[in-house]
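# Observations on the model geometry
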Amino acid sequence: MPNSPPKNLTIATTGASGSIFCRELLLAAAGDARIQTVNFIASDSALRVMAEELQISGRANLLSQILGRKALTTSVRSKIKEQSNADIGANVASGSYPADAMVVIPCSMGTLARIANGIASHLIERAADVCLKEQRPLVLCVRETPLNKIHIRNLYRAADAGATIFPLIPAYYYRPASLDELAREFAYRVLAHLGLPQTQAFRWKG
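Per chain, the residues get numbers from 1 upward, laid out in the order the sequence is written. Thresholds applied to this predicted model are a pLDDT of at least 70 for local features of residues and 80 or more for the giving and counting of side-chain atom pairs; totals over whole chains, interfaces and linings are not thresholded and use all residues. The basis for the side-chain values is all heavy atoms of the structure; hydrogens and waters are excluded.

## Things to note about the packing of helix H5 (residues 109-116) against helix H6 (residues 123-133)
Running from N to C, H5 and H6 cross one another at 45°; their axes reach a closest spacing of 9 Å. Between H5 and H6, the angle is such that the two are oblique. Judged by the twist between their axes, the crossing of H5 over H6 is right-handed. Seen from H5, the contacting residues are Thr 111, Arg 114 and Ile 115; seen from H6, they are Ile 124, Glu 125, Ala 128 and Leu 132. Taken together, the residues that form the contact of H5 with H6 break down as four nonpolar, one polar and two charged. In this analysis an axis means a line fitted to C-alpha atoms, helices contributing only their contacting stretch, and an angle means the value between N-to-C directions, from 0 to 180 degrees. Put simply, DSSP marks the helices as runs of H or I at least four residues long and the strands as runs of E at least two long, and each gets a number from the N terminus on. Here roughly perpendicular refers to angles of 65 to 115 degrees, roughly parallel to angles under 35, roughly antiparallel to angles over 145, and oblique to all remaining angles. By convention the crossing between two helices is left-handed if the near helix lies anticlockwise of the far one by an angle smaller than a right angle, and right-handed if it lies clockwise. Residues count as neighbours in contact if any of their non-hydrogen atoms are within 4.5 Å of one another. Each residue is assigned to one of three groups, with Ala, Val, Leu, Ile, Met, Phe, Trp, Tyr, Cys and Pro labelled nonpolar, Asp, Glu, Lys and Arg labelled charged, and all others, Gly among them, labelled polar.

What follows is the structure, given as structure tokens:
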């Protein structure tokens, strides 16, 4: 967890199932006044998954497609900055840019492997590499099952380098009424881990 709540957050999404979790995290971050800037990066593989799971069609008006036109207000549009995964020279690729934390949700095993082994040929991996070298919070919401030994070794390598492994495993004990609620609560847990507790989140009372 960072020493202070992140004002500048990077959210990336890759080619693993679970696009709804990325959507809910973007919505929650957009609605949190403590967060001033969100840099959003989607890989090409993520677009392929989102086409199946969220009915996204291409990169045109991507945020509007993901969040919905009603949610994409002027304030949200000014807060969330879309970055190209091919732009290795984007702001978040430099340690001098004041990114406070990064979340990869969902994080594919391929992305995990590149991060864990320092292969930063695209912006997502480079931004993650910057977080590790600058000792900034990096949360990897990994999604795969079953895990083979290569996956497990890469999970260890990433964790040993400073990343938080935050498997995309939602809770069920609060009896969510819908998939959206399930994904939303997971997004709240991710933000709480970064020092941004959400007032709407479920609290276990024992």
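Read on for the rest.
## Examining empty space enclosed by the protein
Take a probe with the size of a water molecule and roll it over the atoms, and the empty space left behind shows itself. Here a cavity means grid points, on a 1 Å grid over the protein atoms only, where a 1.4 Å probe fits yet cannot get out; a pocket means an open set of points with protein on both sides within 12 Å along at least five of seven lines; lining residues are those with an atom within 4 Å of a point. Grid points are joined across faces, edges and corners, and a volume is the space filled by probe spheres set on the points. Under the counting rule described, the total for this entry stands at one cavity of 30 Å³ or more. Taken as a whole, the largest cavity encloses approximately 40 Å³ of empty space. Every residue lining the largest cavity is listed: Thr 10, Val 92, Ala 99, Ala 127, Val 130, Cys 131 and Arg 136. Split into classes, the residues belonging to the lining of the largest cavity amount to five nonpolar, one polar and one charged.

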